[in-house]
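Below are the chains, spelled out letter by letter.
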Amino acid sequence: MFKIIDLHLEEEAGVPSNRELMWEDLGEWQMDSLKKMGMDSKHKLLDIGCGPLRFGTYAISYLDEGNYFGVEVWEPYLKLGRRILEEFEISKNYTMKIDRGFDYESFGEKFDFAIAQSVVTHMSVRQIDELLDVLKKVMKPDGILLFTFINNRFPYSVYYEMEEPMITPCKLDNAFFQALEKKYQVEYRKYPEGLERHPTGQAVATIKF
Amino acid sequence: MKSINHRNFCLNKKEVWDVRRKIYHSQGEGFLLFKGFLEKKFTDHLVNYWCRLLDPPQTHLLFPGKEHAFYPGCPCYYKHGRTTGLKVFYNPLWGNQHEVVSNEIAVSIIHLRSQIEGKAFTREISPRPGQRCVVPRLIITRNGENVLAPHSDYGLDEPNPRNIDLARVQATLFLSQIDKDYSGSGFVFTKNNGDKIHCERELGIEPGDLLIWRYNNVHEISDISSREDQVGFVRMLFPPEEISHKAGSISIIEKTKYLLRSMKRKLV
């Protein structure tokens, strides 16, 4: 953990936080959940808000060469992610890019699985709609998005690393997701069977395309 | 790094990361000293006000103990150790309206600290029940052994996981000088490499210097002594305190003592 904190500081990516404290808990939960949903090594995975490749260290190792694709808005994570993979001695090919505009089509791939861990928690309602719009285009038929969220009573803002203003959404209730389900012709399921509770207590849901 | 002081406390991006590496990185010291954070006229003012002029019962209530002491609109408190001469003043920013200079200085330090921690400055300056809020504290230690037992705060050994926060730093604003105003161990801090440092002597700390240090490193004050003609070890700290919903239970005895003292002063 302390090595990961050092790397965050060296790459000017962040001060010590829950990221490092929950590194293994979250990474293992993500991996376990996707496997339970049917992900195998041949599948292609889109990791939305991949951070400094915390889950990447698990997923890149597991998936076949080149099947991991990560997107992130916080630029310092790009280089930090490379250094963390070096630290974990992971040398498989992967793709990661900084993206602020849901430009997932530029990968030129169709994905079997997508994961958005603590990402919807930092998106406005409009952005969630945009996310589904673009995922509808890049996910394979029957592809699955696994995501976590919090159903706040009101929106509040996050000042990420005192650099990035972000808005957390509110009223992410069943009616909200059912409306999206109808709009994008997808299948929404809250708390899918068989998954462990999320380590932070966030709600967990899937969308099948 | 440009001179950082209570009038000029905004760090640029490079400075922020330089400071963070010194404090948090395993190869860093775990602390950073801002020499001359306060000009002499301000340290003189604070020492004069808090150590010489103030009659605490006129401005502060007796400290009822940490549980439920701090709530929105709570008063300032003081604690007085009759045998050791220890005085502690708890000065919530909303309550300490009688000493505006202390408030201004406290705000500059809380702001500087928030930049280092990467947390929003406004997060912990207003009291919100259930959350933490900084309550600046002024401490005068005159004599004592094991003044502050070795311990760490917000570290991985916190019994309540909610209290673990490895980004937390504390700030000590030194207002008196070791071997002139007091003697003894002074503030002893364990660096990131595990070595101990006797801060005042080894860093040449003078009144007005600000030490920012990693809260989850072990720190202690083993002994302090001062003569009658010395002011003692005077410093300001900025602990984030838990805010409760309503006034705590100040005991009837304490309330009575306070009322009697106030009446006596009016009569005399």
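A quick note: this is a predicted structure, and the numbers were derived from the prediction, not measured.

Peer 1: Mind laying out the confidence of the model for chain B, listing which residues take part and the relevant values?
Peer 2: Summing up the model confidence of chain B, the mean pLDDT is 92 and the portion of residues at 70 or higher is 92%. We note a pTM of 0.88 for the whole complex and an ipTM of 0.84 for its interfaces.

Peer 1: Let's hear about empty space enclosed by the protein: which residues, and what values?
Peer 2: All names here are of chain B. This model, assessed by the stated rule, comprises three cavities of 30 Å³ or more. When its volume is computed, the largest cavity comes out at roughly 70 Å³. Sort the elements by how many residues they give to the lining of the largest cavity and helix α4 (residues 100–117) lands first, with four residues. Counted by class, the lining of the largest cavity contains four nonpolar, one polar and five charged residues.

Peer 1: Any chance you could break down the pattern of salt bridges for me, citing the residues and the numbers?
Peer 2: All names here are of chain B. Counted according to the given criterion, the structure contains 31 salt bridges over all chains. Of the charged contacts, one joins Glu124 and Arg168 as a salt bridge, the two residues approaching to 2.9 Å between their closest N and O atoms. Here Arg168 lies in the loop between β7 (144–151) and β8 (169–174) and Glu124 lies in the loop between α4 and β5 (132–134), a separation of 44 residues in the sequence. Residues Glu124 and Arg168 agree in their burial class; the two are buried. When the shortest N-O distance is used, the salt bridge between Glu242 and Arg132 registers 3.3 Å. Of the two residues, Glu242 sits in strand β15 (residues 240–242) while Arg132 sits in strand β5, which places them 110 residues apart along the sequence. A network of salt bridges, in which partner residues are shared, links Lys119, Arg123, Glu124, Asp165 and Arg168.

Peer 1: Quick one: what's the story with α4(B), residue by residue and with numbers?
Peer 2: Residue and element names in this part refer to chain B. For α4, built from 18 residues, the straight-helix expectation of 26 Å at 1.5 Å per residue is met to within 8% by its first-to-last C-alpha distance of 26 Å. Counting buried positions over the 18 residues of α4 gives 14, a clear majority of the element. Two residues or fewer past α4, Gly118 is found with a positive phi of approximately 70 degrees.

Peer 1: How would you explain the interface of chain A and chain B if you had to name every residue and give the values?
Peer 2: Across the contact, 16 residues belong to chain A and 18 residues belong to chain B. Buried area between chain A and chain B, summed over both chains or domains, comes out near 1500 Å², and the portion from carbon and sulfur atoms is 68%. Contact with chain B buries area across many residues of chain A, yet Leu9(A), Glu12(A) and Met162(A) alone supply 35% of it, more than any other trio. At the boundary of chain A and chain B, one finds one salt bridge. Arg21(B) serves as the salt-bridge partner of Glu12(A), at 3.3 Å between the closest nitrogen and oxygen. Joining chain A to chain B, the criterion identifies four residue pairs in polar contact (both at pLDDT 80 or more). Of all the elements, helix α1 (residues 2–10) of chain A adds the most residues to the side of chain A that touches chain B, at six residues. Class assignment for the residues of the side of chain A that touches chain B results in nine nonpolar, two polar and five charged.

The rules behind the values
Residues numbered from 1 in each chain as written. Chains lettered and ligands numbered in written order. Predicted model: local features only at pLDDT ≥ 70, side-chain atom pairs only at ≥ 80, totals over all residues. Heavy atoms only, no water. pLDDT = per-residue confidence, 0-100. 1 Å grid on protein atoms, 1.4 Å probe; cavity = no way out; pocket = protein on both sides within 12 Å on 5 of 7 lines; lining within 4 Å. Points joined across faces, edges and corners; volume = space filled by probe spheres on them. Helix = DSSP H or I, 4+ residues; strand = E, 2+ residues; numbered from the N terminus. Nonpolar A, V, L, I, M, F, W, Y, C, P; charged D, E, K, R; others polar. Salt bridge = Lys/Arg side-chain N within 4 Å of Asp/Glu carboxyl O. Buried < 20%, exposed > 50% of the residue type's maximum accessible area, 1.4 Å probe, protein only. Expected span 1.5 Å × (residues − 1). Contact = heavy atoms within 4.5 Å. Buried area = accessible area lost by both parts, 1.4 Å probe. Polar contact = N/O pair within 3.5 Å; in protein donor to acceptor, adjacent residues only side chain to side chain.

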